[in-house]
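Structural characterization, general
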Amino acid sequence: MIKKIAKNTAIILIPAAAVAAFLPWENLPLSLLIGGMLGILNIRALSWSIEGIIGTSSVTMKMLFFSQFRFVMLALIVVLLAYLRLVTIFGIMAGFSVVFSQVLFVGMRNAGTTEKNS
């Protein structure tokens, strides 16, 4: 499912970044792509954490640490890129939003097909 989300996100973000290259905002195309990439990496890490939780009877300290570490690293990367003025916050948020919408759409499609098969 994550591969489908990543593929759909790329199909949306690459043309959007190409169009954004013609807008007067300096770093918008790069911001869109970085926001999408960080969103996909975050979803992959979240999936890995959930698979680890499902496979065990209790949540281990390692999983709790990893989820906090993931959040802190994501925040640090976004703040550092914004501080260095390599990205715009609007572009990062737009990239995250595309990934989030794809998670919802692909999830609803998969839930609909699963529900019909039951």
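Report on the accompanying structure. (Residues numbered from 1 in each chain as written. Predicted model: local features only at pLDDT ≥ 70, side-chain atom pairs only at ≥ 80, totals over all residues. Heavy atoms only, no water.)

1. As for the packing of aromatic side chains
Any two aromatic rings considered together are summarised by their centre-to-centre distance and by the angle between their planes. Which entries qualify depends on this criterion: Pairs were defined over the aromatic rings of Phe, Tyr and Trp, the Trp ring being its six-membered one, requiring ring centres within 6.5 Å. Orientation was assigned from the angle between planes: stacked under 30 degrees, edge-to-face over 60, tilted for the rest. Comment: elements are numbered from the N terminus, with helices defined as DSSP H or I runs of at least four residues and strands as E runs of at least two.
What the rule picks out here adds up to 3 aromatic pairs. With centroids separated by 4.8 Å and ring planes inclined at 75 degrees, the aromatic side chains of Trp 48 and Phe 66 adopt a geometry described as edge-to-face. Pair noted here: Trp 48 is in helix α2 (residues 28-55) and Phe 66 is in helix α3 (residues 61-83), with a separation of 18 residues, a long-range link. Plain terms: the ring middles of Phe 65 and Phe 69 are 5.9 Å apart, the flat faces sit at 20 degrees to each other, and that makes the pair stacked. A residue pair is termed a helical-turn pair when its members lie 3 or 4 positions apart in one helix, as Phe 65 and Phe 69 do in helix α3 at 4 residues.

2. Brief notes about helix α1 (residues 2-20)
Inclusion rule: Expected span of a helix, by definition, is 1.5 Å for each gap between consecutive residues, and there is one gap fewer than residues. Accessibility here uses a 1.4 Å probe with only protein chains present; expressed as a share of the type maximum, an area under 20% marks a residue as buried, one over 50% as exposed, and anything in between as partly exposed.
An ideal rise of 1.5 Å per residue puts 27 Å on 19 residues; α1 measures up with 26 Å between its terminal C-alpha atoms. Of the residues making up α1, those classed as buried are Ile 5, Ala 6, Asn 8, Thr 9, Leu 13, Ala 17 and Ala 20.

3. Details of α2
Taking 1.5 Å as the rise per residue, α2 with 28 residues should run 40 Å; its terminal C-alpha atoms sit 40 Å apart, in good agreement. Listed as buried for α2 are Leu 28, Pro 29, Ser 31, Leu 32, Ile 34, Gly 35, Gly 36, Leu 38, Gly 39, Ile 40, Ala 45 and Ser 49.

4. Observations concerning a nonpolar patch on the surface
To be explicit about the condition: Surface patches are defined over residues having more than 30% relative accessible area and no salt bridge, joining like charges when they lie within 9 Å and nonpolar side chains (Val, Leu, Ile, Met, Phe, Trp, Tyr) when within 5 Å. Using a 1.4 Å probe, the Shrake-Rupley method yields the accessible areas, and only the shown protein chains count as cover for residues. A side-chain nitrogen of Lys or Arg and a carboxyl oxygen of Asp or Glu constitute a salt bridge if their distance falls within 4 Å.
Taken together, Phe 65, Phe 69, Phe 71, Val 72, Met 73, Leu 76 and Ile 77 make up a surface patch of nonpolar side chains, about 670 Å² in accessible area. Note on placement: Ile 77 falls in helix α3.

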